[in-house]
Amino acid sequence: MAATIISVNSPADFHVHLRQGSMAALVTPHVRKGGFKLAYVMPNLKPPIATAAQALEYKRELQKIDPNVEYVMTLYLSPDLTPEEIFKAKNAGVVGVKSYPRGVTTNSEGGIESYETYYPIFKAMQEVDMVLNLHGEIPSDASANVHVLNAEPRFLPHLFKIHATFPSLRIVLEHATTRAAVEAVKSCGPSVACTITAHHLDLTVDDWAGQSWNFCKPVAKYPDDRQALRDVIAEGHPRFFLGSDSAPHPPHAKSTSTPSHGCAAGIYTSPILLPLVAHILESFGALDKLDGFASGFGRSFYKQPINANSHSKVSLRRSPGGKSVDSEYVLGNDTLVPFWAGKEIGWEIVEEV
Ligand SMILES: NC(=O)N[C@@H](CC(=O)O)C(=O)O
């Protein structure tokens, strides 16, 4: 008989956007609501988190909102970053540096154009064992036939080159969406890993073309690509783990009625994350991989073992009729609509030990 209770040890989300100001106040408590104990926090704020001091200040703000989550901080890769700042960041406990290709996604205007320019930074990071987080897309360019559907495969030569040049630099290819990316990461050495989101295990092109709520970067690709993401999880590959890329945007930015104004990229999954991941993994026969995918594998790659003081087991109960996802979350003047709003999820959180 199928299990009715399952547990995960101290779930860890290795890619999440917690924003700032009133939006942070709304979304930060949703990390725990979604079952998670550790949040690997993205730095694409306005202005971006560019220094160790800013990262510490941001961490303090998040701790004020919810002190019961372990926030693991990152810096934004830009021409302003120096090897000296990397050493300072390491000493301050910052774990990673996130690279956004210029203009590809939310707040990426200050993102990078050439990877070689950053070799002195990568060298320093390798020396102090920090992690390079790569948004693995190249900017669209009609003259070179680069567009949202091939931007990830076209990025992969950069991954191979950085890995070959800095073989012991730990690199995470973020939110992979293609079979090509899965195969690329598998073919690299143990210092290269990959995050996979919950929504990319569910969506394909047909789900976001014409449905702005399902639009995110990188966009979901073909059914065969989704199959590759599912297969690598079902296989229990330890270098592929959860990074939700939960990326909240207000409703007016997601669903726009003016043709001149594009739709913001990002899907909001934080408040439903662990039940959603359990539901989706079960749909392709990988429920037994939940603990590794949503905690153990990422913790091991990131060297973030479960802290003995804050260890907790989060249990999920099968919800016989399904539990409906809230239609929206509201705090003050902010409203957010989650992924799968109004749909049923077959698991719910019952208990934290
Ligand atoms: N994933 C997204 O579509 N959006 C992210 C940025 C990012 O990670 O690309 C955001 O911050 O909104």
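Cut-offs used in this document
Residues numbered from 1 in each chain as written. Predicted model: local features only at pLDDT ≥ 70, side-chain atom pairs only at ≥ 80, totals over all residues. Heavy atoms only, no water. Helix = DSSP H or I, 4+ residues; strand = E, 2+ residues; numbered from the N terminus. Rg over C-alpha atoms; globule rule 2.2 N^0.38 Å. Buried < 20%, exposed > 50% of the residue type's maximum accessible area, 1.4 Å probe, protein only. Contact = heavy atoms within 4.5 Å. Lys, Arg positive; Asp, Glu negative; His and termini not counted. Charge placed at Lys NZ, Arg CZ, Asp CG, Glu CD. Near = heavy atom within 4 Å. Polar contact = N/O pair within 3.5 Å; in protein donor to acceptor, adjacent residues only side chain to side chain. Areas by Shrake-Rupley, 256 points an atom, 1.4 Å probe, with all protein chains shown as cover. 1 Å grid on protein atoms, 1.4 Å probe; cavity = no way out; pocket = protein on both sides within 12 Å on 5 of 7 lines; lining within 4 Å. Sits in = over half its atoms within 2 Å of the grid points. Nonpolar A, V, L, I, M, F, W, Y, C, P; charged D, E, K, R; others polar. Points joined across faces, edges and corners; volume = space filled by probe spheres on them.

An unreviewed UniProt entry lists the protein under the name Dihydroorotase, from Hypsizygus marmoreus.

**Q** Before we move on, could you go through the overall build of the protein and cite the residues and values that matter?
**A** Each helix and strand counted, the protein has 12 helices and 14 strands in total. At 19 Å, the protein has a C-alpha radius of gyration in line with the 20 Å of a compact globule built from 353 residues. C-alpha atoms of the protein, sized along the principal axes, occupy 55 × 50 × 45 Å. Relative to its full complement of 353 residues, the protein shows a buried share of 56%. For the protein, contacts bridging at least 24 residues in sequence account for 73% of all contacts bridging at least 6. Placing the 32 positive and 36 negative side-chain charges of the protein at their respective mean positions leaves the two points 3 Å apart.

**Q** Give a detailed account of the site of the ligand, specifying residues and quantitative values.
**A** In the vicinity of the ligand there are 15 residues, among which T105, T106, K217, D245 and H249 approach most closely. With respect to the ligand, the side chain of N44 contributes an N or O atom lying 2.8 Å from an oxygen atom. Backbone polar atom of K217 to an oxygen atom of the ligand: 2.8 Å apart, as the coordinates give it. Across the complex, the protein chains shield 100% of the 310 Å² of accessible surface that the ligand would expose by itself. Of the pockets mapped on this structure, the ligand occupies the largest cavity. Looking at the shell around the ligand, its residues break down into 3 nonpolar, 9 polar and 3 charged.

**Q** Tell me about the side chain of S295, residues and numbers included.
**A** Here S295 lies in helix α12 (residues 290-302). Only 3.1 Å separates the side chain of S295 from the backbone oxygen of S10, close enough to count as a polar contact. Look past the residues within four positions of S295 in its chain and what remains in contact with it is V8, N9, S10, P11, A12, F14, L290 and I306.

**Q** Explain empty space enclosed by the protein to me, using residue names and the numbers behind them.
**A** The final tally for this structure, using the stated rule, is 3 cavities of 30 Å³ or more. Considered as a void within the structure, the largest cavity measures approximately 120 Å³ in volume. Considering the residues around the largest cavity, the lining is formed by 16 residues, among which H17, T105, K217, D245 and A247 are closest to the centre. Looking at the lining of the largest cavity, its residues break down into 4 nonpolar, 8 polar and 4 charged. The computed volume of the second largest cavity comes to approximately 40 Å³. Along the walls of the second largest cavity sit T177, H200, L203, T204, A220, K221, Y222, D225, R226 and L229, which together make up its complete lining.

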